[in-house]
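One-letter residues, chain by chain:
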Amino acid sequence: MNPREHITLWLPHILLLLLLMCAIWLLASVLAPLRDPLLLAMAIASITYPIIYKPIENIFAKWFPKVRPTIRKQICGPVGAVLFVLIMLSPIFLIMFTAIPSISEAFGVLIGVAKREPASIDRFASIFSNQAMAIKDLYHKLPIDPEAIHKQFSEFLANDFNVEFMDFLSKGSSGLAEFILALVALAFFYAHGPRLVKVFLDYTPLTPTQQEEMKQHHFQVIVRLLNDTVGTAVAKGIAMGLIAALLTGNSFILVAILAAVLSLLPVVGLTMVWLPLAALSWSHENYITAISIALLSLIANYGIDWVRNHLGRQIHDRDAWTGFLLFLGLVGGIISFGVKGFVVGPMVVVITAVLGRFWLPLYGFPTDTARFERSDSAPTD
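Residues numbered from 1 in each chain as written. Predicted model: local features only at pLDDT ≥ 70, side-chain atom pairs only at ≥ 80, totals over all residues. Heavy atoms only, no water.

**With respect to the confidence of the model for the protein**
The line we're drawing: Each residue gets a pLDDT score, which is the predictor's confidence in that residue and runs from 0 to 100. Think of it this way: any DSSP run of H or I at least four residues long counts as a helix, any run of E at least two long counts as a strand, and we number them from the N terminus.
Residues at a pLDDT of 70 or more form 85% of the protein, whose mean pLDDT is 77. The weakest mean pLDDT in the protein belongs to helix α7 (residues 161-171) at 56; the strongest belongs to helix α2 (residues 35-63) at 86.

**Some thoughts on the nonpolar core**
Looking at soluble globular proteins, one finds that nonpolar side chains tend to be buried together. This is how the line gets drawn: Within this scheme, the nonpolar core is defined by two criteria: the residues are buried Ala, Val, Leu, Ile, Met, Phe, Trp, Tyr or Cys, and they are joined through side-chain atoms within 4.5 Å. When accessible area is computed with a 1.4 Å probe and restricted to protein chains, residues below 20% of their type maximum are described as buried, those above 50% as exposed, and intermediate ones as partly exposed. Should any heavy atoms of two residues lie within 4.5 Å, those residues are considered in contact.
Membership of the largest hydrophobic core comes to 20 residues, with the highest contact counts inside it found for Y139, M240, V255, V273 and L277. When contributions to this core are tallied by element, the ones reaching two or more residues are α5 (118-138), α9 (208-248), α10 (252-262), α11 (271-283) and α12 (287-315). Beyond its immediate chain neighbours, meaning those up to four positions away, Y139 contacts L258, M272, V273, P276 and L277. Judged by nonpolar contacts, the second largest core, of 18 residues, contains A41, I44, Y53 and F84.

**Quick notes on the side chain of Q211**
We count it as follows: We define a polar contact as two N or O atoms separated by no more than 3.5 Å, with the added condition that, inside protein, one atom must be a possible hydrogen donor and the other a possible acceptor, whereas residues neighbouring each other in sequence contribute only through side-chain atom pairs.
On the secondary structure map, Q211 appears in helix α9. There is a polar contact of 3.1 Å between the side chain of Q211 and the backbone oxygen of L201. Apart from residues lying up to four places away in sequence, Q211 is in contact with K198, L201, D202 and L206.

**Considerations on the packing of helix α3 (residues 69-99) against helix α4 (residues 103-114)**
In plain terms, the rule: Fitted lines through C-alpha atoms give the axes, limited to the stretch in contact for helices. The angle between two N-to-C directions lies from 0 to 180 degrees. By the definition adopted for this analysis, an angle is roughly parallel if under 35 degrees, roughly antiparallel if over 145, roughly perpendicular if from 65 to 115, and oblique otherwise. With the far helix as reference, a near helix turned anticlockwise by less than a right angle produces a left-handed crossing, and one turned clockwise produces a right-handed crossing. Gly counts as polar in this scheme, as do all residues outside two lists: the nonpolar Ala, Val, Leu, Ile, Met, Phe, Trp, Tyr, Cys and Pro, and the charged Asp, Glu, Lys and Arg.
Contact geometry of α3 with α4 gives a least axis separation of 9 Å together with a crossing angle of 130°. Regarding the angle of α3 to α4, the classification is oblique. In the crossing of α3 with α4, the sense of the turn from one axis to the other is right-handed. On α4, the residues that touch F93, M96 and F97 of α3 are I103, A106, F107, V109 and L110. The residue makeup of the contact of α3 with α4, split by class, is eight nonpolar, no polar and no charged.

**A word on the side chain of S46**
Note that S46 resides in helix α2. Ignoring anything within four residues of it in the chain, the contact list for S46 reads H218, I222, M347 and I351.

**Focus on the environment of L138**
If you trace the backbone, L138 turns up in helix α5. For L138, a relative accessible area of 14% puts it in the buried group. Excluding residues that lie within four positions of it along the chain, L138 makes contacts with N250, V255, P276, L277 and L280.

**With respect to the packing of α2 against α3**
Contact pair α2 / α3: the axes reach a minimum separation of 9 Å and the direction vectors enclose 125°. Looking at the two axes, α2 sits oblique to α3. As for how α2 packs across α3, the hand of that crossing is right-handed. Between α2 and α3, the contacting residues are I44, T48, I52, Y53, I56, E57, F60 and A61 on the first element and R72, K73, I75, C76, G77, V79, G80, L83, F84 and I87 on the second. Of the residues belonging to the contact of α2 with α3, the class tally is twelve nonpolar, three polar and three charged.

Given below as structure tokens:
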């Protein structure tokens with residue numbers, strides 16, 4: 001064939017491919033400043049979709065069966081994002097409502113904070129700085145600065161979102177603006193993320209049955225992950241809070257929240273909570289109390305771990321490597337992304353594990369935990 005005919009045939013395709021690559025490069029350049037909020041939103045949606053958004057959509061579909069699916073998703077997406085925020089803010093609400101005996105007074109402070117009233121903001125910040133001081137009195141080695149906490153709360157709550165957003169557009173950095181953008185993106189990913197995933201999966205070698213199995217496997221991994229991390233942390237926090245409140249008279253809420261956070265660290269997490277309490281009681285010659293704290297804490301720790309492993313195997317038979325990678329993902333995510341790494345790190349491990357488990361067998365790399373093998377695996381010349 002004449003070279004000119006080759007060029008005539010391929011040149012339009014080459015030009016189209018170059019245009020597509022330029023468009024993708026420009027899109028990546030435009031979205032680069034929004035990497036952190038978008039990545040955080042995708043990570044939250046990936047991990048919480050089966051347990052937050054999907055139940056909301058199912059309930060809405062049951063109560064309002066005549067509403068079109070598109071409208072239903074547009075309504076349930078923001079509702080799911082708001083519910084996630086309320087769950088994340090629940091420890092703050094617990095601390096506040098326990099620090100202020102009157103519920104009406106507590107709501108008054110919250111309303112004042114929403115209106116950015118200086119007196120309410122100062123009262124709100126003082127509550128948490130006082131609670132930080134109480135924790136500091138119990139755990140002297142924790143890097144807690146009550147004055148810095150008061151200052152940070154006061155500055156954050158006094159910020160004007162309009163000013164923050166303009167700073168974000170001009171300077172590219174604002175925690176409040178990034179948080180709001182992440183929530184907006186989260187609502188969209190809740191509502192329309194599955195459709196995008198379905199489009200990508202349709203271009204893979206996975207059959208519709210295998211795609212459905214992958215979704216089910218993702219759900220099982222997420223539930224097992226939350227059972228192993230959040231569920232276990234909450235259970236250990238409640239147990240340590242009860243032990244501290246009954247034996248030492250310290251605040252149940254403060255010790256419970258601290259224990260729940262620290263128990264996310266394997267092996268040494270809960271020890272950092274009960275050992276100082278026991279040592280403090282021992283130094284005051286309350287030997288029975290110190291021994292009781294140690295014994296009850298160890299029993300609670302190992303008992304909750306046993307229940308977690310027993311229930312976890314019924315949910316999903318996770319191998320040891322996945323658990324170790326989740327730990328590394330959590331630590332590496334915190335180092336790379338700060339607080340956002342609590343979600344981003346495990347999300348990366350979960351997605352990699354799910355894709356590897358289903359895609360590797362398709363290309364002749366069987367895994368011990370794969371749920372299916374290629375049906376057309378006959379050797380070819």
